[in-house]
Amino acid sequence: GVMGDQQAAFFGQRGFEKGATKCTYGTGCFALLNIGDKVGTTSSGLLTTIAFSNELTTEYALEASIFMGGATVQWLRDGLGIIKTAREIEHFANMVEDTNGVVIVPAFTGLGAPHWDPLARGTIVGLTRETNKYHLARATLEAIAWQVSDVVDLMSETAELDITFIRADGGAIENNLLMQIQANYLQKPVYRSAHKETTALGTAMLCSLGLNIYKSREEIPLSNSPPKIFEPKITKNSKESAQKYWRRAVQRSLVWSEE
């Protein structure tokens, strides 16, 4: 079996049905939405890719790449020295109830989907004398969640599919607060995989088919460890109110660099 990184993670998450959606939270964040066996073009800032294929069928997906996911946490650790380890960010972010108006746009290497702006640069807006390191830690987690929320919403709109929940994998899913913020901003449940390394799992699953251990992917046994489910805990109005500040901050980061 041969699989690309994100396709393997999607396979490991069993994203076989049309409308299935997953996001891998690593150094960057990578989202896929299964759109079935019909491929179309899109000008919305998303990519169309092959999700899965064999000698009989091909299934397609919308794909979105976000450059700065866990790498933003690394910046807090290595660049600013606010935290000593990546795991500390959850503790720091939990020290405050909100960001006190601070918004971070982590466009350190430009912005990926859906903006694709190489000239965008990172911004921190909303600073006051009351801003502290805990607000910055929480704003970092919110920035990751907002970026994913933006592309998942766009995927649903572009494909005209109702996304009922998203599957989450990757190293950053260990952060409970991030997963809860993500569910809040998506206004959808987030199913955190019991296996954060679903890329390896998906590759092994595909190989089990290639070796004829199983005759179909549906025969591959489910994991004994069910996913942990994070349900939204804020209202849609609260999400949309906060989203206005996020989008204003993103606009300020676009086309910032001259080279």
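In the block above lies the structure referred to throughout.
Residues numbered from 1 in each chain as written. Predicted model: local features only at pLDDT ≥ 70, side-chain atom pairs only at ≥ 80, totals over all residues. Heavy atoms only, no water.

Trainee: Whenever I open this one, the overall build of the chain confuses me. Can you help?
Mentor: The helix and strand inventory of the chain stands at seven helices and nine strands. Against the 2.2 N^0.38 benchmark of 18 Å for 259 residues, the chain shows a C-alpha radius of gyration of 19 Å, consistent with a compact globule. Principal-axis analysis of the C-alpha atoms places the extent of the chain at approximately 65 × 40 × 35 Å. Sequence separation of at least 24 residues holds for 73% of the intrachain contacts in the chain that already meet a minimum separation of 6. As presented, the chain carries roughly 13,000 Å² of accessible surface, and 51% of it is formed by carbon and sulfur atoms. Considering the chain, the positive charge centre built from 25 side chains and the negative charge centre built from 28 side chains are found 4 Å apart. (Helix = DSSP H or I, 4+ residues; strand = E, 2+ residues; numbered from the N terminus. Rg over C-alpha atoms; globule rule 2.2 N^0.38 Å. Contact = heavy atoms within 4.5 Å. Areas by Shrake-Rupley, 256 points an atom, 1.4 Å probe, with all protein chains shown as cover. Lys, Arg positive; Asp, Glu negative; His and termini not counted. Charge placed at Lys NZ, Arg CZ, Asp CG, Glu CD.)

Trainee: So what exactly am I meant to see when it comes to empty space enclosed by the protein here?
Mentor: A water-sized probe, rolled over the atoms, reveals where empty space remains. This model, assessed by the stated rule, comprises one cavity of 30 Å³ or more. Taken as a whole, the largest cavity spans an internal volume of roughly 80 Å³. Lining the largest cavity are I66, V105, L111, G112, A113, P114, H115, Q147, D150, W246 and V250. Listed by contribution, the elements that provide at least two residues to the lining of the largest cavity are helix 4 (133-159) and helix 7 (236-253). Its residues assigned to classes, the lining of the largest cavity shows seven nonpolar, three polar and one charged. (1 Å grid on protein atoms, 1.4 Å probe; cavity = no way out; pocket = protein on both sides within 12 Å on 5 of 7 lines; lining within 4 Å. Points joined across faces, edges and corners; volume = space filled by probe spheres on them. Nonpolar A, V, L, I, M, F, W, Y, C, P; charged D, E, K, R; others polar.)

Trainee: Teacher, can you tell me more about the pattern of salt bridges here?
Mentor: Here the idea is simple: oppositely charged side chains can pair when their charged atoms come close. What the rule picks out here adds up to eight salt bridges. Between R167 and E17 there is a salt bridge whose closest N-O contact spans 3.0 Å. With a gap of 150 residues between them, R167 in strand 7 (residues 166-169) and E17 in the loop between helix 1 (5-12) and strand 1 (21-25) connect regions that are remote in the sequence. Under the relative-accessibility criterion, R167 is labelled buried at 10%. Across the pair E59 and R217 runs a salt bridge, and its minimum N-O distance is 2.8 Å. On the criterion of sequence distance, the pair formed by E59 in strand 4 (residues 58-66) and R217 in the loop between helix 6 (198-210) and strand 9 (228-230) is long-range, its members being 158 residues apart. Of the residues examined, E59 reaches a relative accessible area of 12% and is grouped as buried. (Salt bridge = Lys/Arg side-chain N within 4 Å of Asp/Glu carboxyl O. Buried < 20%, exposed > 50% of the residue type's maximum accessible area, 1.4 Å probe, protein only.)

Trainee: Mind showing me how you'd approach the pairing of strand 2 (residues 29-36) here?
Mentor: Looking along a regular strand, one sees side chains alternate from face to face of the sheet. Within strand 2, seven of the eight residues are buried, which leaves the element mostly enclosed by the surrounding structure. The sheet contact formed by strand 1 and strand 2 spans five bridges and is antiparallel. Paired with K22 across the two strands is L32, which belongs to strand 2. Where strand 1 hands over to strand 2, the hairpin turn is made up of three residues, counted between the paired strands. (Pairing = 2+ DSSP bridges.)

Trainee: Teacher, can you tell me more about the packing of aromatic side chains here?
Mentor: Aromatic ring pairs are defined here through the distance separating the ring centres and the angle between the ring planes. If you walk through the whole model with that rule in mind, you get ten aromatic pairs. Taking 6.5 Å as the distance between ring centres and 15 degrees as the angle between the ring planes, the aromatic pair formed by W146 and W246 counts as stacked. Of this pair, W146 sits in helix 4 while W246 sits in helix 7; the two residues are 100 residues apart in sequence, bridging distant segments of the chain. Each member of the pair, W146 together with W246, is buried. Linked through ring pairs, F10, F11, F16 and F52 together constitute an aromatic cluster. (Phe/Tyr/Trp six-rings, centres within 6.5 Å; stacked < 30°, edge-to-face > 60°.)

Trainee: It is not clear to me how the nonpolar core should be interpreted in this structure. Could you clarify?
Mentor: Side chains that are nonpolar tend, in soluble globular proteins, to be buried together. Residues Y25, I166, M179 and V190 are the most contacted members of the largest nonpolar core, which totals 56 residues. The element contributing the most residues to this core is helix 4, with 13 residues. If sequence neighbours within four positions are ignored, Y25 has contacts with I144, V148, I166, A168, D169, G170, G171, A172, I173, L178, M179 and Q182. The next biggest cluster of nonpolar side chains, apart from the first, holds eleven residues, and it includes F10, L32, F52 and A61. (Core = buried A, V, L, I, M, F, W, Y, C linked by side-chain atoms within 4.5 Å.)

Trainee: Is there a simple way to think about the sheet that holds strand 1 in this case?
Mentor: An order of 3-4-2-1-7-8-9 is seen for the seven strands of this open sheet, with the pairing classed as mixed. Two strands lie at the open edges of the sheet, namely strand 3 (47-53) and strand 9, each paired on one side alone. Between one strand and the next, the sheet's axes are offset by a mean angle of 30 degrees, whatever the strand orientation. Examined bridge by bridge, strand 7 and strand 8 (residues 190-192) share three bridges and lie parallel to one another. Within strand 8, the residue paired with R167 across the bridge is Y191. (Axes fitted to C-alpha atoms, helices over the stretch in contact; angles between N-to-C directions.)

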